Amino acid sequence: MNSAAAPPAIDDGEIIFEIPDSFRIYRSGRVERLFEDVLVAPSLDPATLVQSKDVVINPSTGLSVRIYLPPAASSTNSKLPILVSIHGGGFCLLRSSSSIYQSFINPLTAKARVLTVSIDYRLAPEHPLPAAYDDCWEALSWVVGRGGADDPWLSKFGDLDTVFLSGESAGANIAHNLAMRLGREGLRVEGLMLLHPFFWGERRIGNEGEEAKERKVQEAAVLWKTVCPATTGLDDPLINPVADGAPSLADLGCRRVLVCVAELDLLRDRGRIYYEKLKESGWAGVAEFLESEGVDHGFFFRDGGVTTEELRERMISFMNNFSIPISNEV
């Protein structure tokens, strides 16, 4: 009797890609996340009195949002601006329920007096891009559509005419691409806040040429190709919005933009060039720029000091001062 030979065993110990302290991928396809991420349940935050709850949008994909309601909701007759927030983590890490993320969102929500919707999108590499882009577009559409009509917090307290998009790192990348899609579809939100945006490109610029940053430069390039295997490369407009042939930033679907970078961040010059190119593009909006001195990428998640408070106050000011003329000046 003939029998087929058993397939060779997969060596699950072989690592094909790793970012230290973040994650590693094995030849078998298994993903091991090394970042210690503490997840927290929605609750009433005793320090800020912000309430939160989770809402499932798409049971088939697991797409959900965590909605944050500030105490101002009970003390005003006016509806609150809506902040749609997209977490970072290299498209691979963190959740809307991550403790470091909730610790940043709670005080921002309370002080800015906004209703915040944090998107819990599918993570790569198990769900390669464009899964995260698709999830976040679906969530944004839900906020201004069915959610705004059916969810009791959004329908009662949310001002659907005043929506802000925000993201950190990979989340900022997603937020930018959502704003570009809004523009293509003839839609606009009030504002876009990009914190330490994860943009990249084939040609090295600025501090990317420093020898001390060589390992991170290599990791950034491989990371993009890992999370987006269908990419056209490092000048894909999804990761390099200012590449030759990329859609014009003049089409960005928002009235105002705030770009925030950190002095010691590898991604600093990508954010600065984005801001400069946006102003040169003919986009009919207001662009603002903030560089935080002496700090590195995502410092606001690790440090609750003065620099973090300055960043948060700039975000609050950006969201609370939206009745200004549209121009192209800072």
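Here is a short report on the structure shown in this document.

About the thresholds
Residues numbered from 1 in each chain as written. Predicted model: local features only at pLDDT ≥ 70, side-chain atom pairs only at ≥ 80, totals over all residues. Heavy atoms only, no water. Axes fitted to C-alpha atoms, helices over the stretch in contact; angles between N-to-C directions. Helix = DSSP H or I, 4+ residues; strand = E, 2+ residues; numbered from the N terminus. Parallel < 35°, antiparallel > 145°, perpendicular 65-115°, else oblique. Left-handed = near helix turned anticlockwise from the far one by under 90°. Contact = heavy atoms within 4.5 Å. Nonpolar A, V, L, I, M, F, W, Y, C, P; charged D, E, K, R; others polar. Phe/Tyr/Trp six-rings, centres within 6.5 Å; stacked < 30°, edge-to-face > 60°. Buried < 20%, exposed > 50% of the residue type's maximum accessible area, 1.4 Å probe, protein only. Lys NZ or Arg CZ within 6 Å of the ring centre and 35° of its normal.

## Details of the packing of helix α2 (residues 131-144) against helix α5 (residues 170-184)
In contact at an axis separation of 10 Å, α2 and α5 are set at 60° when each is read in the N-to-C sense. One element, α2, and the other, α5, form an angle in the oblique class. Between α2 and α5 the crossing geometry is right-handed. Along the contact surface, α2 presents Ala132, Tyr133, Cys136, Trp137 and Leu140, while α5 presents Asn173, Ile174, Asn177, Leu178, Arg181 and Leu182. A breakdown of the residues in the contact of α2 with α5 according to their chemical character gives 8 nonpolar, 2 polar and 1 charged.

## Description of the packing of aromatic side chains
Under the definition given, this model contains 12 aromatic pairs. Consider the rings of Phe17 and Phe23, whose centres lie 5.8 Å apart with planes at 65°: the pair is edge-to-face. For Phe23, a relative accessible area of 3% translates into the label buried. Relative to Phe318, the ring of Phe164 has its centre 6.0 Å away and its plane inclined at 65°; by these criteria the two rings are edge-to-face. Of this pair, Phe164 sits in strand β8 (residues 158-168) while Phe318 sits in helix α8 (residues 306-320); the two residues are 154 residues apart in sequence, bridging distant segments of the chain. Take Phe164 and Phe318: they sit in the same class, and that class is buried. Here the aromatic cluster, defined as three or more aromatic residues joined through ring pairs, consists of Tyr101, Phe104, Phe299, Phe300 and Phe301. In this structure, Lys53 packs its charged tip against the face of Trp153, placed 4.5 Å from the ring centre. Stacked on the ring of Phe318, the Lys or Arg Arg256 has its end atom at 4.2 Å from the ring centre.

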